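Structural overview
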Amino acid sequence: MANLYDYAYDLEKAIRNSEEFNGLKEAYEAVMNDEAAKKMFDDFRQTQITLQQKQMQGEEISEEEVEEARKVVELVQQHPEISKLMEEEQRLNTVINDVSKIITKPLEELYGTPEEPQQ
């Protein structure tokens, strides 16, 4: 019987060869090969990272920062190549979340679901 790490590497290989990953890779390359789209995408990613770091450090995110992030998101969603990239990323994330549920099923079955508190 193969060990769990062997199965994990097989899963990694399957993800790399999947339609979802290849669609994401193509969409990413299209954005990276378009100078305007790349700059817009890089700005979007930097905004995300900055807000996530502040959140993780327990810092307040100001209304101005929220509004600026909203504007950046709206802008990137209007760019067809970036919009396609975001759609492809969501497709792959759905697959990975589904796989994660399958992988953790033995733990869920072992521990069961917590019972609802009595009212």
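Named according to an unreviewed UniProt entry, the protein chain is UPF0342 protein HLI_05440 originating from Halobacillus litoralis. In its Sequence similarities (unreviewed entry) section, the UniProt entry covering the protein chain states "Belongs to the UPF0342 family."

Before going further, it helps to spend a moment on the environment of E60. Mapping E60 onto the fold places it in the loop between α3 (35-56) and α4 (63-78). Those residues within four positions of E60 in sequence are excluded, and the remaining contacts are K54 and E65.

With that settled, the discussion passes to the pattern of salt bridges. On inspection of all chains with the given rule, the structure shows 9 salt bridges. The closest approach of N and O atoms between R91 and E19, which form a salt bridge, is 3.1 Å. Remark: E19 occurs in helix α2 (residues 19-32) and R91 occurs in helix α5 (residues 80-111); sequence separation between them is 72 residues. Through salt bridges with shared partners, a single ionic network connects E19, K84, E88 and R91.

All right, on to the packing of α4 against α5 then. Packing of α4 against α5 leaves a shortest axis separation of 5 Å and a crossing angle of 100 degrees. Of the possible angle classes, the one that applies to α4 and α5 is roughly perpendicular. For the pair formed by α4 and α5, the contact residues are V76, Q77 and Q78 on the first element and P80, I82, S83 and M86 on the second. Its residues assigned to classes, the contact of α4 with α5 comprises 4 nonpolar, 3 polar and no charged.

The next thing to look at is α4. Helical geometry note: an α-helix holds 3.6 residues per turn, so side chains three or four residues apart project in the same direction. Taking 1.5 Å as the rise per residue, α4 with 16 residues should run 22 Å; its terminal C-alpha atoms sit 23 Å apart, in good agreement. When α4 is considered as a whole, its buried residues turn out to be A69, V72 and V76. One face of α4 carries all of its buried residues, which in axial projection span an arc of 60 degrees. Of the exposed residues in α4, those oriented more than 90 degrees away from the buried face are E63, E64 and Q78. Elements in contact with the buried residues of α4: α3 and α5.

With that settled, consider the nonpolar core. One finds L24, A27, V31, A37, F41, F44, V72, V76, I82, L85 and L92 forming the largest nonpolar core, which totals 11 residues. Sorting the residues of this core by element identifies α2, α3, α4 and α5 as the ones contributing at least two each. Dropping the residues within four chain positions of it, L92 is found in contact with I15, E20, F21 and L24.

For the rest of this paragraph, the subject is the packing of α2 against α5. The geometry of α2 relative to α5 is characterised by a closest axis approach of 8 Å and an angle of 155 degrees between their N-to-C directions. The pairing of α2 with α5 is recorded here as roughly antiparallel in orientation. Considering only the axes of α2 and α5, their crossing is left-handed. Mapping the contact onto sequence places E19, E20, F21, G23, L24, A27, Y28, A30 and V31 in α2 and E81, I82, K84, L85, E88, E89, R91, L92 and V95 in α5.

Cut-offs applied
Residues numbered from 1 in each chain as written. Predicted model: local features only at pLDDT ≥ 70, side-chain atom pairs only at ≥ 80, totals over all residues. Heavy atoms only, no water. UniProt positions renumbered as here; feature names shortened; annotations may be inferred. Helix = DSSP H or I, 4+ residues; strand = E, 2+ residues; numbered from the N terminus. Contact = heavy atoms within 4.5 Å. Salt bridge = Lys/Arg side-chain N within 4 Å of Asp/Glu carboxyl O. Axes fitted to C-alpha atoms, helices over the stretch in contact; angles between N-to-C directions. Parallel < 35°, antiparallel > 145°, perpendicular 65-115°, else oblique. Nonpolar A, V, L, I, M, F, W, Y, C, P; charged D, E, K, R; others polar. Expected span 1.5 Å × (residues − 1). Buried < 20%, exposed > 50% of the residue type's maximum accessible area, 1.4 Å probe, protein only. Arc of directions from axis to C-beta. Core = buried A, V, L, I, M, F, W, Y, C linked by side-chain atoms within 4.5 Å. Left-handed = near helix turned anticlockwise from the far one by under 90°.

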